Amino acid sequence: MTVAGIDLSDTEFWALPLADRAAAFALLRAQQRPVFFEEPEVPFSEKGPGYYALARYADVVEASRHPQVFCSGKGATSIPDLPLEFNEYFGSMINIDDPRHARLRGIVSRAFSPRLVAKFEDDVRRAAATIVDELLATGPCDFVQHVAARLPLKIICDMMGVPGDRYEMVLANTNIILSGADPEFLSEDLDQAVIQLLGAGQALADLVTSLAAARAGAPAEAPADDLVSALVTANIDGEQLTSAELASFFILLVVAGNETTRNALSHALMLFTEFPDQRALLLADLEGRIEGAVEEIVRYASPVVFMRRTATQDYTMNGQDYHEGDKVVLYYYSANRDEAVFADPERFDITRSPNPHVGFGAAGPHYCLGAHLARRELTVMLRELLTRVPDITAGEPDRLLSSFINGIKHLPCQF
Ligand code: HEM
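In this numbering scheme, every chain counts its residues from 1 along its sequence in written order. Side-chain atom pairs in this predicted model are given and counted only at pLDDT of 80 or more, local residue features only at pLDDT of at least 70, and totals for whole chains, interfaces and linings cover all residues. As a rule here, side-chain values cover all heavy atoms of the structure and leave hydrogens and water aside.

K.L.:
Teacher, can you tell me more about the environment of glutamate 168 here?
P.N.:
Inspection of the secondary structure assignment puts glutamate 168 in helix H9 (residues 167–177). Between buried and exposed lies partly exposed: a residue is buried under 20% and exposed over 50% of the maximum accessible area for its type, with that area taken using a 1.4 Å probe on protein chains only. Looking at glutamate 168, the relative accessible area reads 56%, which means it is exposed. Spatially, the C-alpha atoms of glutamate 168 and alanine 111 are 23 Å apart, while their sequence positions differ by 57 residues. Strands here are runs of E lasting at least two residues and helices are runs of H or I lasting at least four, both read from the DSSP assignment and numbered beginning at the N terminus.

K.L.:
Even after reading the chapter, I still don't get the environment of alanine 268, so can you show me in this structure?
P.N.:
With respect to the secondary-structure elements, alanine 268 resides in helix H13 (residues 261–274). For alanine 268, a relative accessible area of 0% corresponds to the buried category. Distance from alanine 268 to valine 294, taken between C-alpha atoms, is 8.5 Å for residues 26 residues apart in sequence. In this analysis, two residues are considered to be in contact whenever any of their non-hydrogen atoms come within 4.5 Å of each other. If sequence neighbours within four positions are ignored, alanine 268 has contacts with Ile297 and Leu382.

K.L.:
Honestly, the coordination of the iron atom of the ligand in this entry has me stumped. Any pointers?
P.N.:
Think of it this way: four donors in a tetrahedron around the metal ideally sit 109.5 degrees apart, and six in an octahedron ideally sit 90 or 180 degrees apart. Atoms of type N, O and S within 2.8 Å of a metal are treated as its donors, and for Na, K and Ca the window is 3.2 Å; water is not considered, so some sites may appear to be missing partners. Coordination of the iron atom of the ligand by the protein comes from a single atom, Cys368 (SG), at 2.2 Å. When you line up the elements, cysteine 368 lands in the loop between helix H16 (332–335) and helix H17 (371–388).

K.L.:
Quick question: what am I supposed to make of the pattern of salt bridges here?
P.N.:
Side chains that carry opposite charge are capable of pairing whenever their charged atoms lie near each other. Note on definitions: salt bridges are taken to be side-chain nitrogens of Lys or Arg within 4 Å of carboxyl oxygens of Asp or Glu. As enumerated under the stated definition, the model contains 26 salt bridges in all. One salt bridge connects arginine 337 with glutamate 346, and the closest N-O pair in it is separated by 2.9 Å. Look at arginine 337 and you get buried, because its relative accessible area is 3%. Judged by relative accessible area, glutamate 346 falls into the partly exposed class, the value being 36%. Aspartate 398 serves as the salt-bridge partner of lysine 409, at 3.9 Å between the closest nitrogen and oxygen. Of this pair, lysine 409 sits in strand E11 (residues 408–410) while aspartate 398 sits in strand E10 (residues 398–399), and the two are eleven residues apart along the sequence. By relative accessible area, lysine 409 is classed as buried at 13%. What emerges from the salt-bridge pattern is a single network uniting Glu39, Asp81, Arg308 and Lys327.

K.L.:
In this structure, what is going on with the nonpolar core? I would like to understand it.
P.N.:
Taken as a class, soluble globular proteins show a tendency for nonpolar side chains to be buried jointly. Nonpolar cores were defined as sets of buried Ala, Val, Leu, Ile, Met, Phe, Trp, Tyr and Cys residues, with membership established by side-chain atoms within 4.5 Å. With 125 residues, the main nonpolar core has Phe112, Met160 and Phe250 as its most contacted residues. Looking at this core, the element that brings in the most residues is helix H10 (residues 190–216), giving ten residues. Ignoring sequence-local partners within four residues, the contact set of methionine 160 consists of Arg215, Asp226, Leu227, Val228, Leu231, Phe250, Leu253 and Val254.

K.L.:
How do you make sense of the packing of H10 against helix H12 (residues 243–258) when you look at a structure like this?
P.N.:
Packed helices, taken two at a time, are described by the angle their axes make and the gap between the axes. Interhelical geometry of H10 versus H12 gives an angle of 110° and a closest axis separation of 9 Å. It follows from the interaxial angle that H10 and H12 lie roughly perpendicular. Contacts between H10 and H12 involve Gly201, Leu204, Ala205, Leu207, Val208, Leu211 and Ala212 on the former and, on the latter, Leu246, Ala247, Phe250, Ile251 and Val254. Think of it as three bins: nonpolar holds Ala, Val, Leu, Ile, Met, Phe, Trp, Tyr, Cys and Pro, charged holds Asp, Glu, Lys and Arg, and polar takes everything else, Gly as well. Here the contact of H10 with H12 is built from residues that sort into eleven nonpolar, one polar and no charged. Between N-to-C directions, angles cover 0 to 180 degrees, with each direction set by a line fitted to C-alpha atoms, over the stretch in contact for helices. Convention used here: angles under 35 degrees read as roughly parallel, angles over 145 as roughly antiparallel, angles from 65 to 115 as roughly perpendicular, and any remaining angle as oblique.

K.L.:
I keep staring at the site of the ligand and nothing clicks. Help me out?
P.N.:
By convention in these notes, a residue is near a molecule or strand provided one of its non-hydrogen atoms lies within 4 Å of it. Residues in contact with the ligand amount to 27 residues; listed here are only the nearest, His101, Arg105, Arg309, His366 and Cys368. Polar contacts here mean pairs of N or O atoms no more than 3.5 Å apart (in protein, one a potential hydrogen donor and the other a potential acceptor; neighbouring residues in sequence count only if both atoms are side-chain atoms). Between the ligand and the protein, one listed contact pairs an oxygen atom with a side-chain N or O atom of arginine 309 at 2.8 Å. Between the ligand and tyrosine 332 there is a distance of 3.5 Å, counted from an oxygen atom to a side-chain nitrogen or oxygen. At four residues, H12 tops the list of elements feeding residues into the shell around the ligand. Split by residue class, the shell around the ligand holds 17 nonpolar, eight polar and two charged.

Keep in mind these numbers describe shape, not what the thing actually does.
Structure, rendered in structure tokens:
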């Protein structure tokens, strides 16, 4: 493999086996400077100017720490800029800078704090226990459908106030939104794919509009205690969120809540199958080692592969000059394998300490809002699963074709 032979903008790259992908990023990290790539062609906007791939840990961390220099609000945090009709559904605070970003995040941030998440830990436990009861009754099955997808879906929908009979619809639409280039979810005809993406956005926007209308009709003395109510009653600088802001905020939360932790859980089963010594180590002292195991799963899997930033000014970082308007892509997946920080990075080691991974992003204003929730979901589910079904193993995964999400669509499991 040569650097010239690597094209991160080519969908084919993301169909390579994970080991080849990791080897390519090792090569990118070994270069003196971040490698510049041309952008992929997309049907919804003009081809952009290209991007620097930040593959090293030091660059990812420094760019995250300097949001005034590497901002989120110019164009988008996806590689292509988002046109207006996309931003209406898929923009929200992840594509906005402070101070407005902080005000928006403030509407919901308390609900994701350790104290409030601890309050519904019993619900998470009960939900995980039911999922494992049903797994045992079902027998060997698709682990993604029967286990990994279910807990994050239930928890985020309950937090938002989405009723149980809409869970499947929420999942189907978040799957489309983060389907990358995968033909199982999205047409290979690019114009058709745009229609499907906007349709998924519209369906979720319609859902939150109807939930908001129901909240607005509730008596003032009995407001519903959920996040849609918090969004509907939010007041920023004297103004309520517009219906587009409400929709995109809701979509961000359900997409981020669903499409990440699920993949971490599926990767966890694959990792404990591939590294049985680590499973034995964990089961020998579950309470003592589960926290480290969850961090190592997130490092190793890096379910979110990257986020983009845009330079707001000329700046030199680790010897490379950037100019205003330059796009930089922060490859968390690669930073989490940087030999300069993680000894023997391809080894899955649940006792790795310290483990300063950037799977939830690096320190900065956009650090994952749901990190604490995700850690709790992973801890509770793995504890339930590995103690009650200790011999469960994964078969061959059917991986999502995406540059953005390190996803598993289907994963046969046996026990
Ligand atoms: C293992 C699971 C998860 C992973 C790997 C993950 C990863 C990430 C990453 C890499 C970012 C970007 C950080 C940055 O730009 O600095 C992010 C942001 C975010 N995450 Fe997560 N996430 C996970 C679970 C969740 C969950 C369960 C939620 C619940 C809603 C969530 C909500 C969000 C939100 C709202 C943002 C945007 C925050 C902002 O712009 O201020 N995430 N996440």
